[in-house]
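Survey of secondary and tertiary structure
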Amino acid sequence: MSLERTLVLVKPDGVKRHLTGEILSRIERKGYDIVELKQLTPSRELLEQHYAEHVGKPFYEPLVEFMMSGPVVAVVLEGNRVIEGFRSLAGTTEPTLAAPGTIRGDLGRDWGLKVQQNLVHGSDSPESAAREIGIWFGA
Ligand code: DAT
Ligand code: MG
């Protein structure tokens, strides 16, 4: 057994497109527990911490600008193997290639922008999850 927590974000495109309920519904139907939930428009400072691993990449600045562009819904999920489980629900990074049945595959597409708008974020490891939950919700 490996009880984990992960940070999920419904990104500004998901909130603007009124897909928050659809996305949270998929998480709930899968069976994961929502243990924290809030909506906020993140500051540049918060996003620079969150996306520190991507500094210097060509999509970094467009990514930060996009994530600051409106409200996001930040959620902490809990469950056994929820980190990989949510990444599986979300689908691969590029919505064009994400499998049908996944959030990004069913609801996302490529808009021809400098940054992929792919509806959701999910932590990618136990270390990232602990770090990101601290950034968004405090220790
Ligand atoms: P993921 O969100 O699947 O973990 P990531 O951490 O590599 O992907 O990148 C963070 C976000 O940046 C991703 O959700 C969408 C955007 N992105 C990643 N690679 C990109 C690329 N090559 N071109 C445009 N946007 C990209
Ligand atoms: Mg990532």
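Details of the structure are given in the entry above.
What counts as what
All residue numbers refer to position in the chain's written sequence, counted from 1. A letter from A marks each chain and a number from 1 marks each ligand, given out in the order of writing. Local features in a predicted model are, by the rule used here, given only for residues with pLDDT of at least 70; side-chain atom pairs are given and counted only at 80 or more, and totals for whole chains, interfaces and linings are based on all residues. Hydrogen atoms and water are omitted, and side-chain values are computed over all heavy atoms in the structure. Helix and strand definitions here come from DSSP, where helices need a minimum of 4 consecutive H or I residues and strands a minimum of 2 consecutive E residues; each element is numbered from the N-terminal end. Only protein chains enter the accessibility calculation, which uses a 1.4 Å probe. A residue is then buried if its area is under 20% of the maximum for its type, exposed if over 50%, and partly exposed in between. The sign given to each residue is positive for Lys and Arg and negative for Asp and Glu; His and the chain ends receive no count. We count a salt bridge whenever a side-chain nitrogen from Lys or Arg sits within 4 Å of a carboxyl oxygen from Asp or Glu. The criterion used for residue contact is that any of the two residues' heavy atoms lie within 4.5 Å. In this description, one arc is meant: the one made by directions from the helix axis to the C-beta atoms. Any residue with at least one heavy atom within 4 Å of a molecule or strand is counted as near it. Two N or O atoms form a polar contact when they lie within 3.5 Å of each other; inside protein one atom must be a possible hydrogen donor and the other a possible acceptor, and for residues adjacent in sequence the pair counts only when both atoms belong to side chains. For every accessible area listed, the method is Shrake-Rupley and the probe measures 1.4 Å; residues are considered covered only by the protein chains on display. Gly is placed with the polar residues, together with every amino acid not listed as nonpolar (Ala, Val, Leu, Ile, Met, Phe, Trp, Tyr, Cys and Pro) or charged (Asp, Glu, Lys and Arg). The definitions used throughout rest on a 1 Å grid laid over the protein atoms alone, on which a cavity is an enclosed set of points accommodating a 1.4 Å probe that cannot get out and a pocket is an open set flanked by protein within 12 Å on both sides along at least five of seven lines; lining residues are those having an atom within 4 Å of a point. Grid points are joined across faces, edges and corners, and a volume is the space filled by probe spheres set on the points.

Describing the side chain of K11
The residue K11 is located in the loop between β1 (3-10) and α1 (12-16) in this model. For K11, which is buried and forms no salt bridge, the nearest opposite charge comes from D13, at a distance of 6.6 Å. If sequence neighbours within four positions are ignored, K11 has contacts with Y51, F66, M67, P71, V72, R104, N118, L119, V120 and H121.

Details of helix α2 (residues 20-30)
Turning to α2, its buried residues number three or more, namely T20, I23, L24, R26 and I27. Each buried residue of α2 sits inside an arc of 150° when the element is viewed along its axis, so together they form one side. Seen from the open side of α2, the exposed residues pointing more than 90 degrees away from its buried face are E28 and R29. In the stretch just after α2, G31 is the one whose phi turns positive, near 110°.

Observations concerning the site of ligand 1
In the neighbourhood of ligand 1, the contacting residues comprise K11, H54, F59, L63, R87, T93, R104, K114, V115, Q116 and N118. In this structure, an oxygen atom belonging to ligand 1 sits 3.0 Å away from a side-chain N or O atom of K11. At a separation of 3.2 Å, an oxygen atom of ligand 1 approaches a polar side-chain atom of R104. Considering ligand 1 on its own, with 510 Å² of exposed area, one finds that the protein chains cover 75% of that surface. Partitioned by chemical class, the residues of the shell around ligand 1 number three nonpolar, four polar and four charged.

Remarks on the layout of surface pockets
Over the atoms, a rolling probe the size of a water molecule traces out where space has been left empty. Quantified by volume, the largest pocket comes out at close to 410 Å³. As for the largest pocket, its lining consists of 22 residues, and the residues nearest its centre are K11, H54, T93, R104 and N118. Looking at the lining of the largest pocket, the elements that each hand over two or more residues are α5 (82-90) and β4 (120-122). Among the residues forming the lining of the largest pocket, the class breakdown is seven nonpolar, nine polar and six charged.

Regarding the pattern of salt bridges
Throughout the structure, instances matching the rule amount to seven salt bridges. The partner of E22 in a salt bridge is R26, and the shortest N-O contact between them spans 2.7 Å. Of the two residues, E22 and R26 are both situated in helix α2; the distance of four residues between them amounts to about one turn of the helix. As a salt-bridge pair, R26 and D106 come within 3.1 Å of each other at their nearest N and O atoms.

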